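# Results of the structural survey
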Amino acid sequence: MSEFEAPANGSRRSFLQLSAAAAAAMAFRIATEPSLAAAERKPVPPGAVVIDANENPLGPCDAARKAIADITPQGGRYSSWLTEDLVKAFTEAQGLKPEYLRVFPGSSEPLHFSVLAFTSPAKSYVTADPGYEAGMRAAKFSGARIAKAPLTKTYSHDIKAMLAVGPDAGLFYVCTPNNPTGTMTSHFDIERLLAEKPKGSVVLVDEAYIHFSDGISALDLVKADRDVIVLRTFSKIYGMAGLRCGMAIARPDLLAKLESYGGWGAMPITAVAAATASLKHEHLVEERKQLNAAIRQKTFEWLDRQGYSYVPSESNCFMLDTRRPAKEVIDAMAARNVFIGRIWPVWPTYTRITVGTQGEMEAFQSAFQAVMKNAKTVSYAPSLKKRPSYPDGQSWPSALS
Ligand code: PLP
């Protein structure tokens, strides 16, 4: 039995632990991009430019739309074999065994279940800051200490710092490209983390945005039976955020741990049919990757010409320097019908911008120009040449400072 497997005969203690965990899972609300974006967003008026939740304005591809229409008459049946078809399509393409994959209605669920399964009051949750916040919310329910490590000077996950802040880690969360910065953490660094992590801990590699980048996936590490869980979603490049389909890919004993918390329900057949059709579309990822990169590049060139700073990104979002408390800029932009955001407290004078269509980015540019012209610029903005400050009481691991 591996160190992650549940004992065959559950003891009273493990039963009680499971009950407590199940109760926590029932009681807590999963934090997702829309819930995090909505926390700062007022109701959006018609015609607004909404680039605050890393959504894909293109929506599902034509083949996915057709698959949804074709499957809808069968909506009265569970048709679980459709999920099996999706598993087959993905695992065969990746050279994985089918038992290494579980399909969920989005990747938010397996993200949260991973935190609940592998962290506890004795096993901390280690994350980058700024990083995607959902896992930190889940850690509040497992009672885990949340250990944050700043990004490196090039905005990748600082593996050395993550190891330094998490000697008691249960789970290391690595999001690459990172949300919100769109910056990469190398495969080499993930391998280093796996090699040096505390015994019994797991590395959760969130590849929600990997298709937008040239990054190397960690799926080979799953294939090699390492202590790693990879998350994928159809919400981003595939444009299916509202349809809900995601995946956890890992050794079967790690996946079994997640199942204690949920994910046993039937999948919506519309989501599964659309996901399978999207996977089978030969050029979809490359076409959308190129389009996103071109619009992002044009936006960066405009920002450069106007003298604004941003963190260079390989994803569909980036962090923009607002040169004053970012909340003021977000509100002023919203008054002009352009919804951006959100803010990460560790970088209070930056806001995240999602790359939308070219038209949306042009609307963003004119609104931003107007807002910044009217603004008093402030000298305390963290310069990109310096590391953004780390004001919430944590200090740099001494090896790094
Ligand atoms: N992981 C990251 C880094 C995200 O940004 C998101 C959503 O934006 C998710 C996971 C969850 O996405 P979903 O539940 O739509 O698959």
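In this report, the structure presented in the accompanying data block is examined. Just so we're clear, the structure is a prediction, and the values are computed from it rather than from any experiment.

## Examining the packing of helix α12 (residues 284-306) against helix α14 (residues 358-373)
In a pair of packed helices, the angle between the axes and the distance between the axes together describe the arrangement. Two elements in contact, α12 and α14, have axes whose closest approach is 10 Å; the angle formed by their N-to-C orientations is 20°. Taken together, the axes of α12 and α14 lie roughly parallel to each other. The interaxial crossing formed by α12 with α14 has right-handed handedness. Of α14, the residues touching α12 (which contributes Ile295, Lys298, Thr299, Trp302, Leu303 and Gln306) are Gln358, Met361, Phe364, Gln365, Phe368 and Gln369. Looking at the contact of α12 with α14, its residues break down into six nonpolar, five polar and one charged.

## A closer look at unusual backbone geometry
The omega torsion of the bond from Thr176 to Pro177 falls at -5°, within 30 degrees of zero and hence cis. Position of Pro177 relative to the elements: it lies in the loop between β5 (169-175) and α8 (187-196). Across the junction of Gly341 and Arg342, the peptide omega takes the value 20°, indicating a cis bond. Its location among the elements puts Arg342 in the loop between β10 (338-339) and β11 (350-354). Within the chain, Asn337 stands out as a residue other than glycine whose phi angle is a positive 70°. Relative to the helices and strands, Asn337 is located in the loop between α13 (326-335) and β10. Residue class for Asn337 comes out partly exposed when judged on its relative accessible area of 26%.

## What about the site of the ligand?
Around the ligand, the structure places 15 residues, and the nearest of them are Glu33, Ser108, Asp206, Tyr209 and Thr233. Between the ligand and Ser108, the relevant distance is 2.6 Å, taken from an oxygen atom to a side-chain nitrogen or oxygen of the residue. In the environment of the ligand, an oxygen atom lies 2.8 Å from a nitrogen or oxygen atom belonging to the side chain of Asn179. Contact with the protein chains covers 97% of the free accessible surface of the ligand, which is 400 Å². Looking at side-chain class alone, the shell around the ligand contains five nonpolar, six polar and four charged residues.

## What about the packing of aromatic side chains?
Evaluated as defined, the whole model comprises eleven aromatic pairs. Seen from their ring centres, Phe300 and Tyr310 are 4.2 Å apart, and the 15° between their planes marks the pair as stacked. A residue pair is termed long-range when its members are at least 10 positions apart, and Phe300 in helix α12 and Tyr310 in the loop between α12 and β9 (317-321) qualify at ten residues. Given a relative accessible area of 11%, Tyr310 falls into the buried group.

## Considerations on the pairing of β11
Of all five residues in β11, five are buried; the element is thus mostly enclosed. Here five bridges tie β9 to β11, and the two strands are oriented antiparallel to one another. In the strand pairing of β11, Asp321 is matched with Tyr350.

Cut-offs and rules
- Residues numbered from 1 in each chain as written.
- Predicted model: local features only at pLDDT ≥ 70, side-chain atom pairs only at ≥ 80, totals over all residues.
- Heavy atoms only, no water.
- Axes fitted to C-alpha atoms, helices over the stretch in contact; angles between N-to-C directions.
- Helix = DSSP H or I, 4+ residues; strand = E, 2+ residues; numbered from the N terminus.
- Parallel < 35°, antiparallel > 145°, perpendicular 65-115°, else oblique.
- Left-handed = near helix turned anticlockwise from the far one by under 90°.
- Contact = heavy atoms within 4.5 Å.
- Nonpolar A, V, L, I, M, F, W, Y, C, P; charged D, E, K, R; others polar.
- Buried < 20%, exposed > 50% of the residue type's maximum accessible area, 1.4 Å probe, protein only.
- Near = heavy atom within 4 Å.
- Polar contact = N/O pair within 3.5 Å; in protein donor to acceptor, adjacent residues only side chain to side chain.
- Areas by Shrake-Rupley, 256 points an atom, 1.4 Å probe, with all protein chains shown as cover.
- Phe/Tyr/Trp six-rings, centres within 6.5 Å; stacked < 30°, edge-to-face > 60°.
- Pairing = 2+ DSSP bridges.

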